[in-house]
Amino acid sequence: MDPADVVADIDLDGTAYLNWGASGPAPERVLAAAREEQRRHERHAHSVADPYGYAGEQFTATREAVSDLLDTSAERIALTDSTSDGISRVANAIDWAEGDTVVRTDLEHPAGELPWDRLREAGIEVREVPCPGGHFDRDAYREAVDGATLVCFNSISWFHGTHLDVEWATRVAHDAGAAVLVDAVQSPGQAAMPVEDWDADFVAAAGHKWLAGVWGAGFLYVRDPERWRPRHLGYYAAEQYDAEAGRLTYHADARRFEIGTNSLAPYAALREAIDLHHEVGLDAIRERQRGLVERLHDGLDDGLVSPRDPESGLVTFDRGDEAAARDLVERAKGADVVVRSVPRDGWVRASVHAFNTEAEVDRLVELL
């Protein structure tokens, strides 16, 4: 499939949407999959089948689709509501003790900050590692992870669009005895996710950005599920539960991180979005995306923050101060061009997908 076919399947009434790193608009075929799944569950499954059994079959199909995307085993995939949800489930699966340490970078989204800041109240130390230019300060990282319980970092910086060296950072953390959680939400749909090579203990992501799925379908890779006993749980996590004895037997696989009774529609949309991306092909997506990003770079001045040699579709540039950044975002909105500021003084970010057009990029360049 040509990326142009996907462009034609997304109707935004003429808006140049350059904010995929926040949320991607779903193509009509993805929306149709969600609608049809909702109808089947509410009509067919309730009238002629067991709605819970039917749901279980669909969730199994989604785990398999995600595992295929990540080239891993479905037994290592748990379905979540979002990346933030997956990160919080990890935070609630660790037996924390006063004096334990969490290491994070200064690139984290609030999803990768809030759970650990909350744990400060229980005596957990939080160390922050600087990542100048969107890459690890390797000496500072080695020092910070020494004696840590958990390390949390991005696969792609949502500020810079840079790829962090996940394999190296995981290896260093494991050598120091720390578990590793990767916030990979900027990867699926625009970058490979070789989770087995990464060797992280957890990888959290979702399908509503570059995969062009809908809100409400996240996923969590768990390398060694039986190592963890989640507290944030529901009956989906249990293989057996004896209420009288108060005895819980978790599923042996990553389902122990699941809760229960989610809507099927977002996960049907996720499966369809994954199918679509397989049909287009990651190589084709990256090639077209790179051409569009370079087109945007050519229209920028010296304010470019992201690498001149593009590493992703995230393009950040510095407008000088917060007021100028806010002014550009508002002027763009008035011209039906969608970009956003990020929480750095004066920085504005465009998120360019293969499902954008040259004309849409040019509309932003004209505003600059």
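Rules used in this analysis
Residues numbered from 1 in each chain as written. Predicted model: local features only at pLDDT ≥ 70, side-chain atom pairs only at ≥ 80, totals over all residues. Heavy atoms only, no water. Pairing = 2+ DSSP bridges. Helix = DSSP H or I, 4+ residues; strand = E, 2+ residues; numbered from the N terminus. Axes fitted to C-alpha atoms, helices over the stretch in contact; angles between N-to-C directions. Contact = heavy atoms within 4.5 Å. Salt bridge = Lys/Arg side-chain N within 4 Å of Asp/Glu carboxyl O. Buried < 20%, exposed > 50% of the residue type's maximum accessible area, 1.4 Å probe, protein only. 1 Å grid on protein atoms, 1.4 Å probe; cavity = no way out; pocket = protein on both sides within 12 Å on 5 of 7 lines; lining within 4 Å. Points joined across faces, edges and corners; volume = space filled by probe spheres on them. Nonpolar A, V, L, I, M, F, W, Y, C, P; charged D, E, K, R; others polar. Disulfide = S-S within 2.5 Å. Expected span 1.5 Å × (residues − 1). Arc of directions from axis to C-beta. Core = buried A, V, L, I, M, F, W, Y, C linked by side-chain atoms within 4.5 Å.

So, the sheet that holds strand β3 (residues 101–105)
What links the strands of a sheet is backbone hydrogen bonding, and the strands pair in either a parallel or an antiparallel sense. With respect to topology, seven strands assemble into an open sheet ordered β2-β8-β7-β6-β5-β3-β4, the strand pairing being mixed. Looking along the sheet, the strands with just one partner apiece sit at the ends: β2 (77–80) and β4 (125–129). The mean inter-strand angle of the sheet, taken between neighbouring strand axes irrespective of direction, is 20°. When strand β7 (residues 202–206) meets strand β8 (residues 218–222), the two strands line up antiparallel, connected through five bridges. Bridge pairing in β8 places V203 opposite Y221. Along the sheet face, helix α6 (residues 138–145) touches β3, β4 and β5 (150–154) and points at about 170° away from the line of β4.

Quick notes on the pattern of salt bridges
Close approach of charged atoms allows side chains with opposite charge to pair. Under the definition given, this model contains 28 salt bridges. One salt bridge in this structure joins R138 and D165, with 2.9 Å as the shortest N-O distance. On the criterion of sequence distance, the pair formed by R138 in helix α6 and D165 in the loop between β5 and α7 (166–175) is long-range, its members being 27 residues apart. According to the relative accessible area criterion, R138 is partly exposed, its value standing at 36%.

Side note on the environment of V195
Considering the arrangement of structural elements, one finds V195 in helix α8 (residues 195–198). Distance from V195 to T72, taken between C-alpha atoms, is 7.3 Å for residues 123 residues apart in sequence. Residues in contact with V195, not counting those within four places in the same chain, are L70, T72, A200, V203 and Y221.

Digging into empty space enclosed by the protein
Evaluation of the coordinates by the stated rule reveals two cavities of 30 Å³ or more. Considered as a void within the structure, the largest cavity measures approximately 60 Å³ in volume. In this structure, the largest cavity is lined by F59, L79, R89, Y236, E258, I259, G260, N262 and Y267. In this structure, the second largest cavity encloses a volume near 40 Å³. Counting residues per element, the ones that place at least two in the lining of the second largest cavity are α10 (282–298) and β11 (314–318). In terms of residue class, the lining of the second largest cavity is made up of five nonpolar, five polar and one charged.

Some thoughts on the state of the cysteines
Summed over all chains, the structure comprises zero disulfides. Cysteine C131 shares no disulfide, and the gap to the nearest cysteine sulfur, in C152, comes to 11 Å.

Quick look at the environment of D146
Position of D146 among the secondary structure elements: in the loop between α6 and β5. Looking at D146, the relative accessible area reads 55%, which means it is exposed. Residue contacts for D146: discarding those within four places in its chain leaves R127 and A176.

A look at the sheet that holds β11
The strand order β11-β14-β13 describes an open sheet built from three strands, whose pairing is antiparallel. The outermost strands of the open sheet, each flanked by one partner alone, are β11 and β13 (340–341). Pairing of β13 with strand β14 (residues 347–351) involves two bridges; the strand directions are antiparallel. Its bridge partner lying in β14, S341 is registered against V348.

So, α10
Here α10 is 17 residues long and its end C-alpha atoms lie 24 Å apart, about the 24 Å a rise of 1.5 Å per residue gives. I285, Q289, L292, V293, L296 and H297 are the residues of α10 that are buried. Seen from one end, α10 has its buried residues packed into an arc of 145°, which puts them on one side. Away from its buried face by more than 90 degrees, α10 exposes D283, E287 and D298. Where α10 is buried, its residues contact α9 (265–280), β11, β14 and α12 (358–367).

Description of the nonpolar core
Formed by 49 residues in total, the largest nonpolar core has its most connected members in F136, Y141, V151, F153, V182, W198 and V203. Element by element, the count of residues in this core is highest for helix α3 (residues 51–70), at six residues. With near-sequence residues (within four places) excluded, V151 lies in contact with V103, Y141, V145, A173, A178, A179, V180 and L181. Core analysis: the second largest hydrophobic core is formed by 24 residues, W96, A111, F202 and F257 among them.

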